[in-house]
Every structure is written in structure tokens, then in C-alpha cells.
Amino acid sequence: MTMPEWPSHGGQAEALLERFALPGDHVVDDVSANLNPLGPPEWVSGWLADRLGGLGRYPEPSYATARHAIAAHHQLHPDQVLLTNGGAEAIFLAAALHAGKRAAVLAPSFGEYARACAAHRLQVTKIPLSAPSFALDQATLLEHAADAEVVFLCRPNNPTGTLIDCCVIDALLAATLARGTQVVVDEAFIDMALGAEALMPLLARYPNLILLRSMTKFYTLPGLRLGYVLASSAVIEALARHQPPWSVNHLAAELVEPLLDDHAFADRTHAWLATEQPRMYQALSALGLDVVPSTTCFFLVRPGEAQRRGVDSARLFERLLRGGILARHTHGFAGLEGNWLRLALRDESGNTRLLEGLHDCLR
Ligand SMILES: Cc1ncc(COP(=O)(O)O)c(C=O)c1O
């Protein structure tokens with residue numbers, strides 16, 4: 001019998017239980033998907049149930065209400081906003097806009113940039129990030145971007161959690177503006193990177209900047225799908241030409257405004273991050289793991305000391321799974337080849353269970 005493939009995204013417990021011949025009802029704490037453990041906000045399910053009557057109508061074609069709410073949230077003009085079916089659709093639209101051209105993509109980074117580029121026949125150059133810090137320095141970025149017509153960056157980067165400095169992106173935009181190179185920055189996790197400097201002000205200076213956002217991570221709505229693009233009105237218009245009509249369902253579109261108005265939920269999330277993020281960085285390091293200095297809600301780790309005792313990432317992954325913890329494998333992330341694991345932050349008790357599980361599995 002052939003071994004089932006490694007699933008290409010987190011949150012796919014079934015496929016991994018099958019791969020390791022574990023029963024379908026084997027209970028796992030899932031730390032493989034990077035979602036806010038506090039969400040979705042409590043009121044969302046009742047709110048959605050009350051609006052199911054709207055399923056009999058097409059959504060508003062231009063999503064004006066949602067776009068106004070997003071524009072007000074970021075102090076931009078509604079013409080600078082495109083509502084999308086998750087951050088994933090935004091990535092594919094950005095690739096469609098540059099079909100057949102030359103792209104540069106970080107490695108390792110989220111796999112959908114490469115998939116979107118392949119779907120739209122872009123030729124891809126990798127911008128290498130090296131272990132153990134996976135930091136991106138300006139010279140490497142400018143060198144690899146020199147020949148590209150579009151550069152895809154991820155900030156903070158999935159799966160490393162590292163954050164590219166605003167001034168490095170500013171330098172890239174300035175260096176590439178005259179050539180017409182577009183810089184696409186996917187900020188799917190930026191709301192969960194405390195203290196990260198905003199790139200929005202750069203939109204006023206650089207028409208070659210395209211920002212992609214996801215609302216599915218922060219509000220824990222991956223099944224509903226919600227994201228958006230921020231760019232110049234000309235770029236938004238060009239992207240919209242590639243978007244299928246009614247791409248975002250009416251429930252998701254109408255939910256944008258009340259989600260952005262829920263400041264109490266945002267505050268609770270930020271308070272959780274402010275405590276659990278530094279606590280987990282310290283505790284994971286104290287277990288002897290190599291931990292990439294993440295700025296956000298997940299950590300890339302590999303067995304450091306334990307590896308010398310024969311516990312490599314593959315063994316750790318399997319031990320954790322058998323012990324009821326599903327980590328994110330890194331097969332398929334260029335440059336990682338399964339040698340690291342990504343762990344999503346949970347609430348305090350979930351994180352403590354994760355630390356105990358790791359402690360047992362690293363022995
Ligand atoms: C960096 C990054 N961008 C975008 C997405 C897609 O997000 P969405 O669920 O909003 O489509 C993901 C999902 O994992 C991601 O990791």
C-alpha cells in the first residue's frame with residue numbers, strides 16, 4: 001500500500017491519522033493551523049443564523065458597505081480596497097495580474113505564492129532565507145528582486161514568524177518603482193504581530209505596493225472565507241477584472257463591518273498574545289528546542305539538544321501525534337524539507353498541554 005501524501009496545509013488531522021495508521025477517533029490537540037484560539041467572537045454564529053434569509057439573493061456586486069468599513073479602518077479611500085474570498089483569493093488575483101511574468105518569492109514561505117504563480121505561468125526565483133534566524137537582509141532582497149517584475153513577500157512570514165522591517169520594504173519599493181516592479185506583501189498574520197509597524201502609509205508614496213490581508217486567521221473564520229487587498233485605485237480596478245463575480249458570499253461580506261467594530265475582541269486577542277507569545281518563546285527554548293524568533297502566533301522549531309539523542313523532527317512529529325498533539329510538518333516548505341515543525345499558539349491551558357507533551361516526547 002502506498003503511503004498517503006503529506007497534506008499541504010495545517011488543520012488536516014484525518015489525513016495524518018491515516019498516514020500513521022491511527023484510528024479516526026484518535027483525539028488530537030491541533031496546533032497545526034495558525035488560527036486565533038479565542039475566536040470566532042461569540043456573537044458571530046447567532047448573527048449568521050439571523051441572516052440566512054439572505055441566501056436567496058445575490059450579494060451586493062461591489063461590496064460597497066464592506067469596502068467602506070475596511071477603508072475607514074485603515075484610513076484609506078474605498079476605491080483602494082478589494083474584498084476577496086480569503087487571503088488565498090487575493091494571492092491568486094495578484095498572480096493573475098502578472099500572468100506570464102517573472103516573480104521572486106521567499107523560501108521558505110507560504111506555498112500558495114508558488115502555486116498561484118504556476119497557475120498563471122509566472123517564472124519564479126527564490127529569495128533564500130537561512131536557518132537558524134531566517135532573517136531577510138536588504139542586500140539579499142534587492143539582489144534577488146533585481147530581475148523580477150513582481151515580488152511576493154509575507155509579513156510576518158509563514159512559517160518562520162519573522163517580520164521584514166518597514167525600512168527594508170521601503171528600500172525595495174524605492175529601488176523598483178522606476179522599473180515598474182510590483183511588491184505584493186501578504187500581511188495575513190499582521191494583526192497578530194504585536195507592535196509591528198504598519199505599511200499602509202507607504203501606499204501614498206508607492207503605487208507599486210499591494211497589501212494582502214486575511215480576516216480568517218484573526219477572527220477564526222477559515223470556513224467562511226474573508227480577505228481583502230489594499231492598493232492604489234488603479235491596481236484595485238485591474239485586480240477586480242480578474243475576480244469572478246460574487247466571489248464573496250453575502251454572509252461574509254456583511255460580517256466585515258461588525259467584525260471590525262468589535263474592539264473588545266481585538267483587545268482580548270492582543271492581551272492573550274502579549275502574555276502567551278513571550279511565555280511560549282521562553283518555554284520552548286527552555287525545552288532545548290531551536291526556536292526561530294517569531295513575532296506572531298506560531299513558532300518554527302526543531303529539536304536542538306534532543307536531535308543529538310536521536311529525536312529528530314520526524315520522530316518528534318510522530319511521538320506528538322501518537323500522544324495527541326498535531327503539529328504542522330514542514331514537508332513542502334522550500335528550504336525546510338520536514339526538518340522543522342511549526343507550532344501554533346493556543347490559549348494558556350492548550351499551550352501548557354503542548355509544553356508538557358513536548359517535554360515527554362523530547363526525552
Ligand atoms: C501567509 C498566508 N497568507 C494567506 C493565507 C490564506 O488565508 P485565507 O484563509 O484568508 O485564505 C494563509 C493561510 O494559511 C497564509 O498562511
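Each chain carries its own residue numbering, running from 1 in the written order of its sequence. In keeping with the model being predicted, local features are shown solely for residues with a pLDDT of at least 70 and side-chain atom pairs are shown and tallied solely at 80 or more, while totals for entire chains, interfaces and linings include all residues. To get the side-chain values, all heavy atoms of the structure are used, and hydrogens and water are removed first.

Caption draft 1: Quick peek at the pattern of salt bridges. For this analysis, a salt bridge means a side-chain nitrogen from Lys or Arg found within 4 Å of a carboxyl oxygen belonging to Asp or Glu. Under the definition given, this model contains 14 salt bridges. The shortest N-O distance in the salt bridge between E318 and R322 comes to 2.9 Å. Linking E318 with R322, this pair stays in helix 12 (residues 313-322), spanning four residues, or about one helical turn. In this structure R322 comes out as partly exposed when scored by relative accessible area, which is 41%. In this description a helix means any DSSP run of H or I spanning at least four residues, a strand means any run of E spanning at least two, and both kinds are numbered starting from the N terminus. Residue exposure (1.4 Å probe, protein chains only): buried if accessible area is under 20% of the type maximum, exposed if over 50%, otherwise partly exposed.

Caption draft 2: Summary view of the packing of aromatic side chains. Under the pairing criterion, centres of Phe, Tyr and Trp rings, with the six-membered ring standing for Trp, must be within 6.5 Å; the plane angle then separates stacked pairs below 30 degrees from edge-to-face pairs above 60, leaving the rest tilted. Going through the model one piece at a time under the given rule, you end up with twelve aromatic pairs. For the pair F134 and W340, a centre-to-centre distance of 5.3 Å together with 75 degrees between the ring planes defines the contact as edge-to-face. Within this pair, whereas F134 is found in the loop between strand 4 (123-128) and helix 6 (138-145), its partner W340 is found in the loop between strand 12 (328-329) and strand 13 (341-344), the two being separated by 206 residues in sequence. Comparing F134 with W340 shows no difference in burial state: the two are buried. Members of the aromatic cluster, connected to one another through ring pairs, are W6, F20 and F317. By definition here, charges over rings are those cases where NZ of Lys or CZ of Arg is within 6 Å of the ring centre and within 35 degrees of the ring normal. Seen from the ring of F298, R342 lies directly overhead, with NZ or CZ sitting 5.7 Å from the centre.

Caption draft 3: Highlighting the pairing of strand 6 (residues 182-186). Extensive coverage of strand 6 is indicated by the burial of five of its five residues. For two strands to pair, DSSP has to find at least two bridges joining them. Alignment of strand 5 (residues 150-154) against strand 6, held across five bridges, turns out to be parallel. The residue of strand 6 that forms the bridge with V151 is V183. Classification remark: right-handed applies to a crossover when, strands pointing away from the viewer, the course from the first strand over the helix to the second runs clockwise. Handedness of the crossover is the feature at issue here: the chain leaves strand 5, passes through helix 7 (residues 166-177), returns alongside strand 6, and the resulting connection is right-handed. In terms of strand pairing, strand 6 meets strand 7 (residues 209-214) through four bridges, oriented parallel. Its bridge partner being in strand 7, D186 is matched across the sheet by L212.

Caption draft 4: Here's a closer look at the domain arrangement of the protein chain. Segmentation of the protein chain into domains returns domain 1 (13-40 + 264-361) and domain 2 (57-262). A separation of 26 Å is found between the C-alpha centroids of domain 1 and domain 2. Between domain 1 and domain 2, the residue contacts involve 27 residues of the former and 30 residues of the latter. Summed over both partners, the interface of domain 1 with domain 2 comes to about 2,300 Å²; 69% of that surface belongs to carbon and sulfur atoms. Applying the counting rule to domain 1 against domain 2 returns zero salt bridges. Polar contacts here mean pairs of N or O atoms no more than 3.5 Å apart (in protein, one a potential hydrogen donor and the other a potential acceptor; neighbouring residues in sequence count only if both atoms are side-chain atoms). Connecting domain 1 to domain 2 are eleven residue pairs in polar contact (both at pLDDT 80 or more). Top contributing element to the side of domain 1 that touches domain 2 by residue count: helix 10 (residues 263-286), with eight residues. The residue makeup of the side of domain 1 that touches domain 2, split by class, is 17 nonpolar, eight polar and two charged. Marked domain ranges trace back to an automatic or database domain assignment. Between two residues, a contact is recorded if the distance between any of their heavy atoms is within 4.5 Å. When two components associate, each loses some accessible surface as probed by a 1.4 Å sphere; the sum of these losses over both components is called the buried area. For this scheme, ten residues count as nonpolar: Ala, Val, Leu, Ile, Met, Phe, Trp, Tyr, Cys and Pro. Four count as charged, namely Asp, Glu, Lys and Arg, and the remainder, Gly too, count as polar.

Caption draft 5: Layout of the site of the ligand. The rule for a residue being near a molecule or strand is that one of its heavy atoms must lie within 4 Å of it. Within the structure, the ligand sits among 16 residues, and G87, D186, S214, K217 and R225 are positioned closest to it. One nitrogen or oxygen atom from the main chain of A88 is found 2.8 Å from an oxygen atom belonging to the ligand. With respect to the ligand, the side chain of N158 contributes an N or O atom lying 2.7 Å from an oxygen atom. All accessible-area figures derive from a Shrake-Rupley calculation using a 1.4 Å probe, and residue coverage is judged against the displayed protein chains alone. Coverage of the ligand by the protein chains reaches 91% of its 390 Å² of free accessible surface. Any residue with an atom within 4 Å of a point lines the site, the site being either a cavity, points on a 1 Å grid over the protein atoms alone where a 1.4 Å probe fits but cannot get out, or a pocket, an open set with protein on both sides within 12 Å along at least 5 of 7 lines. In this description, a molecule resides in a pocket or cavity if more than half of its atoms sit within 2 Å of the grid points defining it. Because more than half of its atoms lie within 2 Å of the grid, the ligand is assigned to the largest pocket. Counted by class, the shell around the ligand contains eight nonpolar, five polar and three charged residues.

Caption draft 6: Region of the structure containing the packing of helix 4 (residues 86-97) against helix 8 (residues 233-240). With axes taken as lines fitted to C-alpha atoms, and helix axes fitted only over the stretch in contact, angles between N-to-C directions fall between 0 and 180 degrees. In contact at an axis separation of 9 Å, helix 4 and helix 8 are set at 95 degrees when each is read in the N-to-C sense. With respect to their mutual orientation, helix 4 and helix 8 come out roughly perpendicular. Together, L93, A94 and L97 of helix 4 and V235, A238 and L239 of helix 8 make up the contact between the two elements. Its residues placed into classes, the contact of helix 4 with helix 8 shows six nonpolar, no polar and no charged. Angles below 35 degrees are treated as roughly parallel, those above 145 as roughly antiparallel, those between 65 and 115 as roughly perpendicular, and all remaining angles as oblique.

Caption draft 7: Highlighting unusual backbone geometry. With omega at 5 degrees, the peptide bond leading from A131 into P132 counts as cis. Of note, the amide linkage connecting R155 to P156 takes the cis form, showing an omega dihedral of -10 degrees. Within the fold, P156 resides in the loop between strand 5 and helix 7. Although it is not a glycine, Y63 sits at a positive phi angle of roughly 50 degrees. On the accessibility criterion, Y63 (5% relative accessible area) is buried. One non-glycine residue, Q75, lies in the positive phi region at around 55 degrees. Checked against the element boundaries, Q75 lands in the loop between helix 3 (64-74) and strand 2 (81-84). A residue is classified by how much of its surface remains accessible, and Q75, at 73% relative accessible area, is exposed.

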